[in-house]
Amino acid sequence: MKILFAAAEVAPFSKAGGLADVVGSLPKELEKDTEIAIFTPLHGFIDKEKFGIKELENSEMWLTFGYSPQKFNLYTTKLPATDINVFFIKNDWYFTPFKEVYPKYLDPRYEHERYISFSLAVMEYAKALNFRADVIHANDWHTAMLPLYLHSNYKFDDFWSKTKSVFEIHNLAYQGIWFEDVLDFANMRKDIVYNQWGCEHYNRVNWMKGAINYADRVVAVSPTYSREILSSEYGENMDYTLRGIQNKLRGILNGIDYTVFDPSKDKALVENYDINTFEEGKEANKKAICEYFGLKYNPERPLIALISRLVGQKGIDLIRDMQWELQNLNADFIFLGSGDKDYENLFIWLSNNTSNIRTYVGYDGKLANQIYAGSDFFLMPSKFEPCGLSQLIAMRYGSLPIVRATGGLEDTITGYPLDNSNGFKFWSYNGWDMLNAIKCALYVYTDKYVFNAMRKSALSTDFSWKRSAKEYLNMYREITGLK
Ligand code: ADP
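Residues numbered from 1 in each chain as written. Predicted model: local features only at pLDDT ≥ 70, side-chain atom pairs only at ≥ 80, totals over all residues.

**A look at the overall build of the protein chain**
What counts is decided by this rule: Numbered from the N terminus, helices here are DSSP runs of H or I no shorter than four residues, and strands are runs of E no shorter than two. Radius of gyration here uses only the C-alpha atoms, and the compact-globule reference equals 2.2 Å multiplied by the residue count raised to the power 0.38. Residue pairs are scored as contacts if the distance between their C-beta atoms, which are placed from the backbone, is within 7 Å.
Counting its secondary structure elements, the protein chain contains 19 helices and 19 strands. Taken over C-alpha atoms, the radius of gyration comes to 23 Å for the protein chain, in line with the 23 Å a tight globule of 483 residues would show. With the C-alpha coordinates of the protein chain rotated into their principal frame, the extents come out at 65 × 45 × 45 Å. In the protein chain, the proportion of contacts linking residues at least 24 apart, taken out of those at least 6 apart, comes to 68%.

**Side note on helix α17 (residues 431-445)**
Each turn of an α-helix holds 3.6 residues, which means side chains three or four residues apart point in the same direction. Applicable threshold: In a helix, the anticipated span is given by 1.5 Å times the number of residues less one. Here a residue counts as buried when 20 or more other C-beta atoms fall within 10 Å of its C-beta, as exposed when 12 or fewer do, and as partly exposed in between; the C-beta atoms come from the backbone. This arc corresponds to the set of directions leading from the helix axis out to the C-beta atoms.
The end-to-end C-alpha distance of α17, which contains 15 residues, comes to 21 Å, matching closely the 21 Å that a straight helix rising 1.5 Å per residue would cover. Where α17 is concerned, the buried positions are Met434, Ala437, Ile438, Ala441, Val444 and Tyr445. What you see down the axis of α17 is that its buried residues fit within an arc of 115 degrees, all on one side. Close packing links the buried residues of α17 with β14 (303-310), α11 (316-321), β17 (377-380), β18 (400-404), β19 (424-426) and α18 (448-460).

**Regarding the site of the ligand**
Quick reminder of the rule: Each residue gets a C-beta atom placed from its backbone. If that atom is within 6 Å of a molecule or strand, the residue is near it. Residue type decides the class: Asp, Glu, Lys and Arg count as charged, Ala, Val, Leu, Ile, Met, Phe, Trp, Tyr, Cys and Pro as nonpolar, and the leftover types, Gly among them, as polar. Boundaries between domains were set according to an automatic or database domain assignment.
As a matter of local geometry, the ligand sits amid 17 residues, with Gly17, Gly18, Ala368, Leu389 and Ser390 nearest to it. Counting only elements with at least two residues in the shell around the ligand, the list comes to α1 (18-30), β14, β15 (332-339), α14 (365-374) and α15 (390-396). Residue composition of the shell around the ligand, grouped by class: six nonpolar, eight polar and three charged. Of the residues that make up the shell around the ligand, three or more belong to each of domain 1 (2-256 + 466-480) and domain 2 (278-460).

**Side note on the sheet that holds β14**
Defined as follows: DSSP bridges decide pairing: two strands pair if at least two such bridges lie between them. To define axes, lines are fitted to C-alpha atoms, for helices over the stretch in contact only, and angles between the resulting N-to-C directions are given on a 0 to 180 degree scale.
Ordered in space as β16-β15-β14-β17-β18-β19, the six strands form an open sheet in which the pairing is parallel. Sheet topology places β16 (357-361) and β19 at the edges, where each strand pairs with a single neighbour. Taking the axes of each pair of neighbouring strands and ignoring which way they run, one obtains an average angle of 20 degrees across the sheet. Note that β14 and β17 share two bridges and pair parallel. Bridged to isoleucine 304 within β17 is phenylalanine 377. Packing against the sheet, helix α13 (residues 341-353) makes contact with β14, β15 and β16, and its axis sits at approximately 140 degrees to β16. Docked against the sheet, α17 engages β14, β17, β18 and β19, running at close to 160 degrees with respect to β19.

**Comments concerning the domain arrangement of the protein chain**
The domain architecture assigned to the protein chain consists of domain 1 (2-256 + 466-480) and domain 2 (278-460). If you average the C-alpha positions of domain 1 and of domain 2, the two centres end up 32 Å apart. Each partner contributes to the interface: domain 1 provides 17 residues, whereas domain 2 provides 13 residues. Listed by contribution, the elements that provide at least two residues to the side of domain 1 that touches domain 2 are α1 and α8 (223-228).

**Observations regarding the environment of lysine 78**
For lysine 78, the location among the structural elements is in strand β5 (residues 68-78). Separated by 27 residues in the primary sequence, lysine 78 and phenylalanine 51 have C-alpha atoms spaced 8.4 Å apart. When near neighbours in sequence (up to four residues on either side) are disregarded, lysine 78 contacts Asp83, Ile84, Asn85 and Val86.

**Considerations on the packing of helix α10 (residues 278-292) against α14**
When two helices pack together, you describe them by how their axes are tilted relative to each other and by the distance separating the axes. Note the cut-off: Comment on the angle field: the value is read as roughly parallel under 35 degrees, roughly antiparallel over 145, roughly perpendicular from 65 to 115, and oblique elsewhere. Helix crossings get a hand from a simple test, with the near helix turned counterclockwise from the far one by less than a right angle marking a left-handed crossing and a clockwise turn marking a right-handed one.
Here α10 crosses α14 at 125 degrees, and the two axes come no closer than 7 Å. With respect to their mutual orientation, α10 and α14 come out oblique. With respect to the hand of their crossing, α10 and α14 are arranged in left-handed fashion. Within the contact between the two elements, α10 uses Lys282, Asn285, Lys286, Ala288 and Ile289 and α14 uses Gln370, Ile371, Ala373 and Gly374. Partitioning the contact of α10 with α14 into residue classes produces four nonpolar, three polar and two charged.

**Points about the pairing of strand β7 (residues 135-139)**
Burial analysis of β7 places five of its five residues in the buried class, which makes it a mostly covered element. Residue alternation in β7 divides its side chains into two sets, Val135, His137 and Asn139 and Ile136 and Ala138, and both sets are buried. Sheet topology note: the strand β1 (residues 2-6)/β7 ladder contains four bridges and is parallel. Note that in β7 the partner of leucine 4 across the bridge is isoleucine 136. Two elements, β7 and strand β8 (residues 164-169), share five bridges in a ladder whose sense is parallel. In the strand pairing of β8, alanine 138 is matched with phenylalanine 167.

Rendered as structure tokens:
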């Protein structure tokens with residue numbers, strides 16, 4: 001069975017968030033049962049030399065859409081430690097100039113053009129490579145055009161006639177909405193797709209709606225999120241559409257790559273550790289990270305970390321609401337994040353004006369791992385959370401998550417004081433409830449017996465891809481009828 005993955009970001013080549021981790025790791029687990037090709041844009045910042053990314057011979061291709069023909073080239077390498085081909089689509093107008101996966105302040109119309117061009121190029125290059133996929137697995141709005149193209153322009157193309165599609169919602173908040181004329185730019189058959197059973201949504205083109213309607217299966221990244229998005233509270237104006245396709249909606253929990261996130265081998269750490277040595281190992285890392293951030297190291301004082309994109313979804317408002325209370329707790333905080341300026345400024349202010357909160361504003365994967373390893377607790381007060389990988393990574397590194405029980409956080413964390421608890425939960429989106437959960441964690445910290453039992457439980461919870469990969473495989477088999 002041939003599966004084509006398409007995504008805006010793929011770890012380790014490019015990463016802004018969890019989407020990259022998923023597309024860079026799920027295929028590894030599927031490799032033995034399927035033949036996979038991953039397509040992603042060749043963003044300007046991707047290090048071609050480091051990853052051995054080479055241009056394919058005679059790969060130049062001109063595609064006509066929008067205002068004028070556009071030139072594309074195709075680059076390739078293997079996904080590290082696998083035999084999986086990753087194809088990078090190069091275009092000097094849409095992708096080469098940028099230093100970030102999602103550059104800030106782009107004209108929104110241009111963002112649509114970028115991913116329309118990418119999707120068209122995916123369809124054409126896959127055909128040129130004779131990669132006749134049985135399933136196209138598209139992810140989030142950036143690649144949501146693929147199920148639409150498959151249903152319209154390529155519907156009568158023999159090459160694609162048997163191909164099925166899966167659309168995966170990593171985050172429903174970003175749907176890809178623009179005016180109707182964008183369909184002309186995309187050369188897309190308006191007569192087929194622009195209606196309420198296609199991509200028309202409140203008189204606009206909505207790529208995600210189109211993909212939801214046309215894909216053979218729609219996947220949400222955790223069982224709880226797949227139920228939450230059917231309600232108006234979490235549905236982002238798409239709940240009505242989603243309620244209508246429940247028969248093909250699945251909730252499959254994400255995993256993380258246990259070979260990439262491994263405290264017993266991670267070179268970023270000052271001391272490696274595993275479930276037998278975590279007490280000393282984590283202490284050494286805590287000391288190092290406290291020193292790095294200019295906090296006085298004290299083994300009796302708990303350290304709480306937060307690593308996140310700084311956007312409304314992540315519950316930073318609750319931290320703002322509780323900033324005075326947090327300053328007076330008998331605990332230290334390290335925040336790592338980047339995103340909205342308001343939140344960045346809040347973090348910088350806290351760092352400069354408190355004795356127990358320190359911040360690094362920016363994106364740094366190595367530092368992130370050092371913080372996961374050095375911290376005792378990991379705060380994730382999300383307003384909504386489709387799956388969340390950070391809490392899984394935190395547990396893998398023995399840092400106990402303190403989470404708001406929503407989406408994947410509800411599915412992956414067993415809250416104290418239940419049996420085998422691996423973290424702390426609160427339910428309402430409210431600063432005082434978050435504070436109570438933090439206080440509960442600090443109380444447990446004083447009881448080393450319970451604290452260590454919980455850390456063991458977190459370290460031994462298995463969130464690798466094994467279980468979820470099977471569910472994907474069964475789903476592919478179901479829609480293609482292949483073994
Ligand atoms: P989302 O995909 O919504 O951003 P996830 O929890 O699913 O949230 O995944 C976030 C991933 O990005 C985790 O691997 C986390 O460690 C990483 N990450 C987020 N912000 C930063 C940052 N500022 N520096 C380094 N890594 C970060």
